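Structure assessment
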Amino acid sequence: MFDLLQGLALASRRPCLGVSTLDVVAHGVVPGTGPIVALLDAFRGEVFWAVYDAQGRLRGERSVGPLEAALASAPPGSAFVGGAVLARREEIRAAVTGVIFPETCVFLAATLARVALGRAQEAGPPSALQPVYLRGAGVGPTRA
């Protein structure tokens, strides 16, 4: 997807902007809900997560690791959103006081557009766009 976006921006001579999926998921919550924890499945028994304030502003760093680490970073009364929440709901409920699970839309295009529009001043030339990886590649060179 990264190469496609960069290619379209180059061909159309337009600026482009990278947006984290965690940010988009967090912005799908009604503002003022309280702290927001976006949680996505990272496979390998891990999750991607980030904590946001009630207005969807990132607090801290986006991270990857075991669910327990994500839960330890969640303030009491957090709203949990994202693809990993449904399968881990009981673990979350047991670990975080006053947790809520707000309704969110699984279709993220409109939310992505709102986030990108709000960050339009950050857009730059396609050559400046760089992917951000929270975890290194899971593969390496084969041994002979």
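Heads up: the structure comes first, above all this text.
Just so we're clear, the structure is a prediction, and the values are computed from it rather than from any experiment. (Residues numbered from 1 in each chain as written. Predicted model: local features only at pLDDT ≥ 70, side-chain atom pairs only at ≥ 80, totals over all residues. Heavy atoms only, no water.)

1. A closer look at the environment of Gln6
Within the fold, Gln6 resides in helix H1 (residues 2-12). Since its relative accessible area comes to 17%, Gln6 is described here as buried. Between the C-alpha atoms of Gln6 and Tyr133, which are 127 residues apart in sequence, the distance is 17 Å. Look past the residues within four positions of Gln6 in its chain and what remains in contact with it is Pro126, Ser127 and Leu129. (Helix = DSSP H or I, 4+ residues; strand = E, 2+ residues; numbered from the N terminus. Buried < 20%, exposed > 50% of the residue type's maximum accessible area, 1.4 Å probe, protein only. Contact = heavy atoms within 4.5 Å.)

2. Things to note about the pairing of strand S2 (residues 46-52)
With five of its seven residues buried, S2 lies for the most part within the structure. Taken together, the seven bridges between strand S1 (residues 36-43) and S2 define a ladder with antiparallel strand orientation. Residue pairing across strands places Ile36 opposite Tyr52, the latter belonging to S2. Linking S1 back to S2 in an antiparallel pair, the connection comprises two residues, with Arg44 at a positive phi of about 55 degrees. (Pairing = 2+ DSSP bridges.)

3. Things to note about the sheet that holds S2
Spatially, four strands are ordered S3-S2-S1-S4 in an open sheet, and the strand pairing comes out mixed. Of all strands in the sheet, those with a lone pairing partner are strand S3 (58-65) and strand S4 (79-81), marking the two edges. Shown here is a sheet whose adjacent strand axes are inclined to one another by a mean of 20 degrees, direction ignored. (Axes fitted to C-alpha atoms, helices over the stretch in contact; angles between N-to-C directions.)

4. Description of the layout of surface pockets
Its boundaries defined by the atoms lining it, the largest pocket holds a volume of some 1,200 Å³. Taken together, 31 residues line the largest pocket, and the ones lying closest to its centre are Gly18, Val19, Ser20, Thr21 and Val132. Of the pockets and cavities examined, the second largest pocket occupies roughly 420 Å³. Taken together, 20 residues form the lining of the second largest pocket, with Val81, Gly82, Pro102, Thr104 and Val106 sitting closest to its centre. Of all the secondary structure elements, the ones that give two or more residues to the lining of the second largest pocket are S4 and helix H5 (109-118). Considered class by class, the residues forming the lining of the second largest pocket number 12 nonpolar, five polar and three charged. (1 Å grid on protein atoms, 1.4 Å probe; cavity = no way out; pocket = protein on both sides within 12 Å on 5 of 7 lines; lining within 4 Å. Points joined across faces, edges and corners; volume = space filled by probe spheres on them. Nonpolar A, V, L, I, M, F, W, Y, C, P; charged D, E, K, R; others polar.)

5. Quick notes on the environment of Gly65
Take Gly65: it is sitting in strand S3. The buried category is assigned to Gly65, whose relative accessible area is 3%. Remark: the alpha-carbon pair of Gly65 and Thr111, spanning 46 residues in sequence, is separated by 26 Å. If sequence neighbours within four positions are ignored, Gly65 has contacts with Glu46, Val47 and Trp49.

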